Amino acid sequence: MAKQKNKKKKYRGFWIFFKVQLLLLLLIAGAAIYYFAGGYAQTIADLKADADLLAAKSSLETFRKGETGLVYDSKGKLLKAYKGEKDSYYIEYKDIPEIVVKTFVAVEDQKFYKHQGVDYLAILRAVIAMVRNGEVTQGGSTITQQLARTVFLSMEKTWERKMEEIFIARNLEDKYTKSQIMEFYLNNIYFGNGYYGIQAAANGYFSKNIDQLDLSQVVFLCAIPNNPSLYDPVNHKKNTLSRRDRMLTTMHDQGVISLSASKEAKEEKIKLKRQKSIAKNDYVETFVNYCAIRALMKQNGFEFQYYFDSSKEEKKYNKEYKKAYRDAQSSLYTSGYRIYTSINMKQQEKLQDAIDVGLSGFQDVNDEGVYKLQGAGVTIDNTTGYVTAIVGGRTQQFEGYTLNRAYQSFRQPGSAIKPLLVYTPMLERGYTPDTVVVDEPIPDGPSNANGMFQGAMTMRDAVKKSKNTIAWKLFEELTPTAGLSYLKAMNFARIDPEDERLPAALGGFTIGVSPLEMAAGFATLQNDGCYREPTCIIKIEDTQGNLIYTSETENEKEKNKKDQAEGIRIYKSNAARMMTDMLQTVMMEGTASGLGLGDMPSAGKTGTTNDNKDGWFAGYSRYFTTSVWVGYDQPAELPGLTGSTYPGNIWHNYMVSVHENRTPMSFIPYIEQKEVEMDFQE
């Protein structure tokens, strides 16, 4: 009886085994059909061919990446060099401390000396995770694969990139020794804060060479590349220390270090000693960096967004932004780009001089030695839409980067904002410069600068005299939501939901606006109501002269075969022209009287905040648009500060100088249209 039962079990086991094998054969057959019929065979063949070519063409110099990038001004003169730190800090394998190599092998790739570039079991685990999650969530990459990705590929997580990474890694293992691959890897990986390679990281974070660091410091550095943002020693030092400790535990478990060495290293307090830059990083440099990184992000497919429907959406965007920014920044400093900008150094010097001279009577400094009273300005070429000059503060000699207030500071704009979110939108809705409005007290509303009310007047006069009551009433009729939509369409980045209220008509914002945004907004008025994103990057080429990026302005000019790109329509043409005509009156008879440019027609608007804390002047000719801000970094009252005093004088003196020997050009006249009766509801 027992024998018969055993026989049945054997028989049943055989059929189970047979069915499993049959199922596996069917799955393999199905996968093969899917592979060839779906066209994946050709795709993979193409990826392998590309990988073979990349590896075959590589040489030792390929991995000494970090070739100097060059930045040129509008005249083709060299502005700046992005020096490849890897050339100056490149360290050969024989000079790399053994503990560095052992640390990365223990933590990143324990089978480094056994595999041929690929750990297939690790990849299988990553594939299983991908099937479970619906996307690539685990790397499964060896050190050789990481090197292949860093030097030859992008950071995107797709199966195509992963497949090509595998092919390249295998080729690299055939071409180079393990020691060479480790040398290439340690000189190319990113350690955050602009440091590429282990030697640059040691110098940058500890001001020492890598062979001068102890065990704890070495492992601390080796913790960074896994996620340079999360384990950034400057901003997230606790995260870096936590990972260092986990790595020390792993190294002890694998017999790389003793228990006592692990314990001692964990107890050591890490004190950073950042290496200071000797070169002066001025306002042009910081703005070029900012624009170039954004240009590369855009070229890589990143879409910028400023407003969100939910905090979840914003959180997701910020995470994607940080990664895209980090990748673009890494590329900027290591790819040897040739960057062509619109910066005009003569204008730059004149704008800087105008601000320095205009504020020279204020010498008080803060605890860090920075002038308390500051100014900033931006100039846009109205023909091209490019930024030609940008000054983020008064001239002072400091090492390293300084705050570029021209695009990094956001302040209350006062009445300078009225043309952008009140008057031009209302001109679109049928009002004209001659429409009669009423200047009168408003319950719980604003007063005027002089505390007086003048009754019936034209809208032109209301703008000329910067009447707060009129702007308030018009904004109420327009609605704050509608008015602010114009600023959002022009990428004013710090408009808060709390700003959807009437005080915004007078520049009463939660956060504020930047001089760069104001310059772009007023340039939109001059450009017949069409907005062009303010940037100084015309194009970016690689070391071979191949075009990597070209601005939207250049693309549009090429597409339409015009010298001037139109941009994105924000205001109706005739409304923009009427606004310009009214702002000319401001220059001749209004709050900016005396600040005009002589025979050169100009249009502009003053802005002053409560208690004289911020002063603005934004204005333009047919040639250039310039915005100027003056105030304290920590908002404080400055007696005598209005838009027409320090900011206005800086604007006037600068604009007169850049218009020397230029032929006067009139603005395009607006078309007369039927007036609309003013009917305020109170």
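Quick note: structure is the one above.
Our subject in this report is the structure included herewith.

Conventions and cut-offs
Residues numbered from 1 in each chain as written. Predicted model: local features only at pLDDT ≥ 70, side-chain atom pairs only at ≥ 80, totals over all residues. Heavy atoms only, no water. Helix = DSSP H or I, 4+ residues; strand = E, 2+ residues; numbered from the N terminus. Buried < 20%, exposed > 50% of the residue type's maximum accessible area, 1.4 Å probe, protein only. Contact = heavy atoms within 4.5 Å. Areas by Shrake-Rupley, 256 points an atom, 1.4 Å probe, with all protein chains shown as cover. Salt bridge = Lys/Arg side-chain N within 4 Å of Asp/Glu carboxyl O. Phe/Tyr/Trp six-rings, centres within 6.5 Å; stacked < 30°, edge-to-face > 60°. Lys NZ or Arg CZ within 6 Å of the ring centre and 35° of its normal. Pairing = 2+ DSSP bridges. Axes fitted to C-alpha atoms, helices over the stretch in contact; angles between N-to-C directions. Parallel < 35°, antiparallel > 145°, perpendicular 65-115°, else oblique. Left-handed = near helix turned anticlockwise from the far one by under 90°. Nonpolar A, V, L, I, M, F, W, Y, C, P; charged D, E, K, R; others polar. Expected span 1.5 Å × (residues − 1). Patch = residues over 30% accessible without salt bridge, like charges linked within 9 Å, V, L, I, M, F, W, Y side chains within 5 Å. Lys, Arg positive; Asp, Glu negative; His and termini not counted. Charge placed at Lys NZ, Arg CZ, Asp CG, Glu CD.

### Structural notes on the overall build of the protein chain
Then, in step 1: From N to C terminus, the protein chain includes 24 helices and 16 strands.
Then, in step 2: Sorting the 682 residues of the protein chain into buried and exposed places 50% on the buried side.
Then, in step 3: For the protein chain, the proportion of contacts with a sequence separation of at least 24, taken over those separated by at least 6, is 70%.
Then, in step 4: Working note: accessible area of the protein chain is about 33100 Å², and carbon and sulfur atoms make up 51% of it.

### Observations concerning helix α19 (residues 468–478)
Then, in step 1: Most of α19 sits out of view: nine of its 11 residues are buried.
Then, in step 2: For α19, the set of buried residues is N468, T469, I470, A471, W472, K473, L474, F475 and L478.
Then, in step 3: Buried positions along α19 lie against α17 (418–428), β8 (436–439), α18 (459–464) and α20 (480–489).
Then, in step 4: In the stretch just after α19, T479 is the one whose phi turns positive, near 85°.

### As for unusual backbone geometry
Then, in step 1: Phi is positive for D528, which is not a glycine, with a value near 60°.
Then, in step 2: Mapped onto the fold, D528 is located in the loop between α21 (515–526) and β10 (530–531).
Then, in step 3: D528 gets classed as buried once you look at its relative accessible area, which sits at 19%.

### What about the pattern of salt bridges?
Then, in step 1: For the structure on display, the rule yields 23 salt bridges.
Then, in step 2: Put simply, K298 and E533 hold a salt bridge, and the shortest N to O gap is 2.8 Å. A residue pair is termed long-range when its members are at least 10 positions apart, and K298 in helix α13 (residues 283–299) and E533 in the loop between β10 and β11 (537–541) qualify at 235 residues.
Then, in step 3: Given a relative accessible area of 25%, K298 falls into the partly exposed group.
Then, in step 4: Notably, a salt bridge pairs R460 with D581, separated by 2.7 Å at the nearest N-O pair. Of this pair, R460 sits in helix α18 while D581 sits in helix α23 (residues 573–589), and the two are 121 residues apart along the sequence.
Then, in step 5: Residue D581 is classed as partly exposed on the basis of its relative accessible area, which comes to 23%.
Then, in step 6: Bridged by salt links that share partners, the residues E92, K94 and D95 form one connected network.

### Quick look at the packing of aromatic side chains
Then, in step 1: For the structure on display, the rule yields 26 aromatic pairs.
Then, in step 2: Here the aromatic residues F302, F304, F308, Y317, Y321 and Y325 are joined through ring pairs into a cluster of three or more.
Then, in step 3: Over the ring of F410 we find R494, and its NZ or CZ is 4.3 Å from the ring centre.
Then, in step 4: The aromatic ring of Y340 is capped on one face by K539, whose charged end is 5.0 Å from the ring centroid.

### As for the sheet that holds strand β15 (residues 614–620)
Then, in step 1: A sheet is described by the order of its strands in space; here five strands give the open sequence β6-β5-β16-β15-β14, paired in antiparallel fashion. At either end of the open sheet lies a strand with only one pairing partner, and these are β6 (387–391) and β14 (603–608). Averaged over neighbouring strand pairs, the angle between their axes works out to 5° when direction is ignored.
Then, in step 2: As defined by bridge partners, strand β5 (residues 373–381) adjoins strand β16 (residues 624–632) across nine bridges and the pair is classed as antiparallel. By the bridge assignment, D381 is partnered in β16 with F624.

### Focus on the packing of helix α4 (residues 98–108) against helix α10 (residues 215–222)
Then, in step 1: Running from N to C, α4 and α10 cross one another at 45°; their axes reach a closest spacing of 10 Å. Put simply, α4 runs oblique to α10. As α4 runs across α10, the sense of the crossing is right-handed. Listed contacts from α10 to I99, V100, T103 and F104 of α4 are L215, V218, V219 and C222.
Then, in step 2: Of the residues that constitute the contact of α4 with α10, the class distribution is seven nonpolar, one polar and no charged.

### Some points on the side chain of Q584
Then, in step 1: One can find Q584 in helix α23.
Then, in step 2: Discounting chain neighbours no more than four positions away, the residues touching Q584 are P601, S602, A603 and F667.

### Thoughts on helix α14 (residues 311–334)
Then, in step 1: If you check α14, its first and last C-alpha atoms are 35 Å apart, about what 24 residues at 1.5 Å a residue would give, namely 34 Å.
Then, in step 2: Taken together, the buried positions of α14 are Y317, A324, A328, S330, S331, L332 and T334.
Then, in step 3: The first or second residue beyond α14 is G336, which carries a positive phi of 65°.

### Some words on a positive patch on the surface
Then, in step 1: Residues K75, K346, K350 and R662 make up a contiguous surface patch of positive charge.
Then, in step 2: Counting through the fold element by element, K350 comes out in helix α15 (residues 345–358).
Then, in step 3: When its relative accessible area of 34% is taken as the criterion, K350 is described as partly exposed.

Bear in mind that shape data such as this cannot, by itself, settle questions of function.
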